[in-house]
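What the coordinates show
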2 protein chains.
Amino acid sequence: MNTDLIDKPYVVGIDIGGQTTKMGIVDMRGQVLSQTVIRTDTHTDVDPYIEDVAEALDKIIKESGSEDKIRGIGIGAPNANYYTGTIENAVNISWGGSRTIPFAEMLSARTGGLKVALTNDANAAAVGEMTYGAARGMKNFIMITLGTGVGSGIVINGEVVYGHDGFAGELGHTCAVRNNGRLCNCGKTGCLETYCSATGVARTAREWLTLSDEPSVLRSLDSISSKDVYEAAKEGDKLALKIFGFTGKMLGQSFADFVAFSAPEAIVLFGGLARAKEYLYQPIMDSMNANLLPLWRDRIKIVFSQLKESDAAILGASALAWEL
Amino acid sequence: MNTDLIDKPYVVGIDIGGQTTKMGIVDMRGQVLSQTVIRTDTHTDVDPYIEDVAEALDKIIKESGSEDKIRGIGIGAPNANYYTGTIENAVNISWGGSRTIPFAEMLSARTGGLKVALTNDANAAAVGEMTYGAARGMKNFIMITLGTGVGSGIVINGEVVYGHDGFAGELGHTCAVRNNGRLCNCGKTGCLETYCSATGVARTAREWLTLSDEPSVLRSLDSISSKDVYEAAKEGDKLALKIFGFTGKMLGQSFADFVAFSAPEAIVLFGGLARAKEYLYQPIMDSMNANLLPLWRDRIKIVFSQLKESDAAILGASALAWEL
């Protein structure tokens, strides 16, 4: 262990979401010593937001007794560019749209020169899983986050793929349905995330309820979320089970193409929808294997995240800081 | 320049194909000093084949006066595993099927201990293009070879992606048509290479001639190759032009998904079919941009190989040897 790790045995992880910002102090074994949450969406300007972040950080640093022991800060944020430390055109963040914000530099200045690394939340999750979770020891894997959208973080030879411009790994926007696909928030149609995100699952439910008159407990609900579909599946609701079968099939088809790209050891699933693993695992496996070249059939693992969900976003972001 | 490059300023490049094996002595600037060709398909056993290769090599090494000046040997071959130096289950090679051959080790033993690196031909082409060709200076690009099949070599951060098992980069077998797609040699249906290889273009021509009675000079031919379609397009044949438009559209759709994976600076096209660049470029660009996320639109280059075609296979393979 180098002296730096003895002097500075802690890192800060910050997960910036559209509504809230979670942050915590993390040690080398992935223990979250202290954490807090502030609102993201109460600011339209980034400067007072950074003030709030810095104040909240000061508080948890004191709480955990880690003054002068922080090695650096890792941030997971939408539209974050790892190369430049900027957040670019983050339309889902109240202070982020139509501008390029030198976020890493600004936060570093406000925290007495702490080093700051930032990337998008799926890449952060991949680093977190490699550092503390299901991908420990793996050098080649693909992290897929199944949340409101479908995000991805690709690890090749032990390193996250950032690409030429810093924005590599947008697998949620690869094409799952070429013709007459669902309209995506990105403006394209047929993107994987329109079918296989939490939102996509709810969309499938609403679509199928309209297209058939198959009985389902989902019919009694005013609005349907992916959680409702999961609860229905647990009760044995046939339509809900079919929806997960369909979602898993679509994921597996796309995963087969991802494998053809980087030949990973495993695909790691994370995020709210990944909780439905008992209904997703087998359909994903069957469909992925049916679409893989023979050389990869039955050889690629599907693994579910092992990080505690309440800590995962902070852990993922914090893991970036160990590499500073 | 290190002393090794002064003492050993040459490398050997060997391109193993199903019918012939090309080999040459190459200098640092990509000049082929001496080259020769032997048959691959006259052997059913690998030992006498390696004898033939070694004898032919001896001859061109003497011819070029490069005795004791060879730094190493690079080989491009089907089903070649970079990590292990083996050729595995190469069904298209007369001595290669249903076995794992420690080819690098065998050739090294037969050439007095020269170091040998081997990979598949598309990866070799990618290294060649990065070392001597259109991708010089690029750290992130995807090489697509449009030949009998569609091959690919992916470069991220200046390094070829081999993946967990050594076989990454099979983009010709990603799905281009999900339902009712053409049957592929690999056993799957709808693979990109069933549409966009030289064979795929000929297949499109035969299919379209049957499905319509549109006049075309192609109707007078007994059998149709992609070269015939190219010649017809050059004469202004409308059906032939439409075939290239369709091929380019399919390529562009798939390229958009590849970009979402690794955010490359460029996609580099190589191989016999890439000669039809005047008919492929615009359809590829239009379709790729229509399918890209806004952040990449009009920002990804499509580049055609700059290597002299007669030398390209040898150059690509030889480039591997500089990294030994």
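Residues numbered from 1 in each chain as written. Chains lettered and ligands numbered in written order. Predicted model: local features only at pLDDT ≥ 70, side-chain atom pairs only at ≥ 80, totals over all residues. Heavy atoms only, no water.

Next up on the list: the sheet that holds strand S6 (residues 86–88) of chain B. All names here are of chain B. Pairing within the open sheet is antiparallel, and its three strands lie in the order S5-S6-S7. Where the open sheet ends on each side, the last strands, each with one partner, are strand S5 (80–81) and strand S7 (100–101). The pairing of S6 with S7 spans two bridges and is antiparallel. The residue bridging Glu88 from the neighbouring strand is Thr100, located in S7. (Pairing = 2+ DSSP bridges. Helix = DSSP H or I, 4+ residues; strand = E, 2+ residues; numbered from the N terminus.)

Residues and elements named next belong to chain B. Listed in full, the buried residues belonging to helix H7 (residues 226–234) are Ser226, Val229, Tyr230, Ala232 and Ala233. Angular distribution of buried residues about the axis of H7 spans 165°; they occupy a single face of the element. Buried residues along H7 sit against helix H6 (198–211), helix H8 (238–262) and helix H9 (277–291). Immediately downstream of H7, the backbone of Gly236 shows phi near 90°, a positive value. (Buried < 20%, exposed > 50% of the residue type's maximum accessible area, 1.4 Å probe, protein only. Arc of directions from axis to C-beta. Contact = heavy atoms within 4.5 Å.)

All names here are of chain A. Counting buried residues along strand S12 (residues 266–270), five of its five residues qualify, which places the element largely inside the surrounding structure. As judged from the five bridges shared by strand S9 (residues 141–146) and S12, these two strands associate in the parallel manner. Bridging across to S12, Ile142 finds its partner in Ile267. As defined by bridge partners, S12 adjoins strand S13 (residues 301–304) across four bridges and the pair is classed as parallel. Paired with Leu269 across the strands is Phe304, a residue of S13. This β-α-β element, S12 to helix H9 (residues 277–291) to S13, shows right-handed connectivity. (Right-handed = clockwise from strand over helix to strand, strands pointing away.)

This part is about unusual backbone geometry. All names here are of chain A. Even without a glycine there, the phi angle at Ser98 is positive, about 50°. Residue placement: Ser98 occurs in the loop between strand S6 (86–88) and strand S7 (100–101). Assessed through its relative accessible area of 70%, Ser98 is described here as exposed. For Asn157, which is not a glycine, the phi torsion comes out positive at approximately 55°. Position of Asn157 among the secondary structure elements: in the loop between strand S10 (150–156) and strand S11 (159–160).

Okay, the packing of H7 of chain B against H8 of chain B next. Residue and element names in this part refer to chain B. The contact between H7 and H8 brings their axes to 7 Å, and the two run at 120°. Viewed along their axes, H7 and H8 form a crossing whose handedness is left-handed. Residues Ser226, Val229, Tyr230, Ala232 and Ala233 of H7 pack against Ala240, Leu241, Ile243 and Phe244 of H8. Of the residues in the contact of H7 with H8, the class split is eight nonpolar, one polar and no charged. (Axes fitted to C-alpha atoms, helices over the stretch in contact; angles between N-to-C directions. Left-handed = near helix turned anticlockwise from the far one by under 90°. Nonpolar A, V, L, I, M, F, W, Y, C, P; charged D, E, K, R; others polar.)

The next subject is the pattern of salt bridges. Following the criterion strictly, the structure yields 10 salt bridges over all chains and no others. With a closest N to O distance of 3.2 Å, Glu265 of chain A and Lys301 of chain A form a salt bridge. Taken together, the residues span a long stretch of sequence, with Glu265 of chain A in the loop between helix H8 (238–262) and S12 and Lys301 of chain A in strand S13 at a distance of 36 residues. Look at Glu265 of chain A and you get buried, because its relative accessible area is 16%. In this structure, Arg182 of chain B engages Glu207 of chain B in a salt bridge whose closest nitrogen and oxygen atoms are separated by 3.2 Å. One end of the pair, Arg182 of chain B, is in the loop between strand S11 (159–160) and helix H5 (193–196); the other, Glu207 of chain B, is in helix H6, with 25 residues separating them in the sequence. For Arg182 of chain B, a relative accessible area of 7% corresponds to the buried category. (Salt bridge = Lys/Arg side-chain N within 4 Å of Asp/Glu carboxyl O.)

What follows concerns the sheet that holds strand S8 (residues 116–119) of chain B. Residue and element names in this part refer to chain B. In space, the five strands of this open sheet follow the order S3-S2-S1-S4-S8, with mixed pairing throughout. Every interior strand has two partners, whereas the edge strands, strand S3 (32–39) and S8, have only one. With strand direction ignored, the average angle separating the axes of adjacent strands in the sheet is 15°. The sheet contact formed by strand S2 (residues 20–26) and S3 spans seven bridges and is antiparallel. In the strand pairing of S3, Thr21 is matched with Ile38. Its contacts with the sheet place helix H4 (residues 121–132) against strand S1 (10–16), S2, strand S4 (70–76) and S8, and it is angled at close to 115° to S8.

The next subject is the packing of aromatic side chains. As enumerated under the stated definition, the model contains 27 aromatic pairs over all chains in all. Considering the side-chain rings of Tyr82 of chain B and Tyr162 of chain B, the 3.9 Å spacing of their centres and the 0° angle between planes classify their relative orientation as stacked. Of this pair, Tyr82 of chain B sits in the loop between S5 and S6 while Tyr162 of chain B is found in the loop between S11 and H5, placing the two residues 80 residues apart along the sequence. For Tyr82 of chain B, a relative accessible area of 31% translates into the label partly exposed. Among the aromatic residues, those joined into a cluster by ring pairs are Phe255, Phe258 and Phe261 of chain A together with Phe255, Phe258 and Phe261 of chain B. (Phe/Tyr/Trp six-rings, centres within 6.5 Å; stacked < 30°, edge-to-face > 60°.)

The next point concerns empty space enclosed by the protein. For the coordinates displayed, the defined rule picks out two cavities of 30 Å³ or more. One number sums up the size of the largest cavity: a volume of about 280 Å³. Cys175, Arg178 and Asp257 of chain A together with Cys175 and Asp257 of chain B are the residues nearest the centre of the largest cavity, which is lined by 19 residues in total. Every element with two or more residues in the lining of the largest cavity is listed here: H8 of chain A together with H8 of chain B. (1 Å grid on protein atoms, 1.4 Å probe; cavity = no way out; pocket = protein on both sides within 12 Å on 5 of 7 lines; lining within 4 Å. Points joined across faces, edges and corners; volume = space filled by probe spheres on them.)

What follows concerns a negative patch on the surface. A grouping of Glu159 and Glu323 of chain A together with Glu159 and Glu323 of chain B is seen on the molecular surface, where their side chains present a negatively charged patch. Looking at the element boundaries, Glu323 of chain A is found in the segment after helix H10 (309–322). (Patch = residues over 30% accessible without salt bridge, like charges linked within 9 Å, V, L, I, M, F, W, Y side chains within 5 Å. Areas by Shrake-Rupley, 256 points an atom, 1.4 Å probe, with all protein chains shown as cover. Lys, Arg positive; Asp, Glu negative; His and termini not counted. Charge placed at Lys NZ, Arg CZ, Asp CG, Glu CD.)

Let us look at the interface of chain A and chain B. Taken together, the contact pairs 39 residues of chain A with 39 residues of chain B. Per-residue buried area on chain A facing chain B is highest for His164, Arg178 and Phe261 of chain A; these three make up 24% of the total on that side. At the junction of chain A with chain B, the criterion picks out zero salt bridges. Run the count over chain A and chain B and you get 18 residue pairs in polar contact (both at pLDDT 80 or more). At the level of elements, S10 and H8 of chain A are the ones that each hand at least two residues to the side of chain A that touches chain B. A per-class count over the side of chain A that touches chain B returns 21 nonpolar, 10 polar and eight charged. (Buried area = accessible area lost by both parts, 1.4 Å probe. Polar contact = N/O pair within 3.5 Å; in protein donor to acceptor, adjacent residues only side chain to side chain.)

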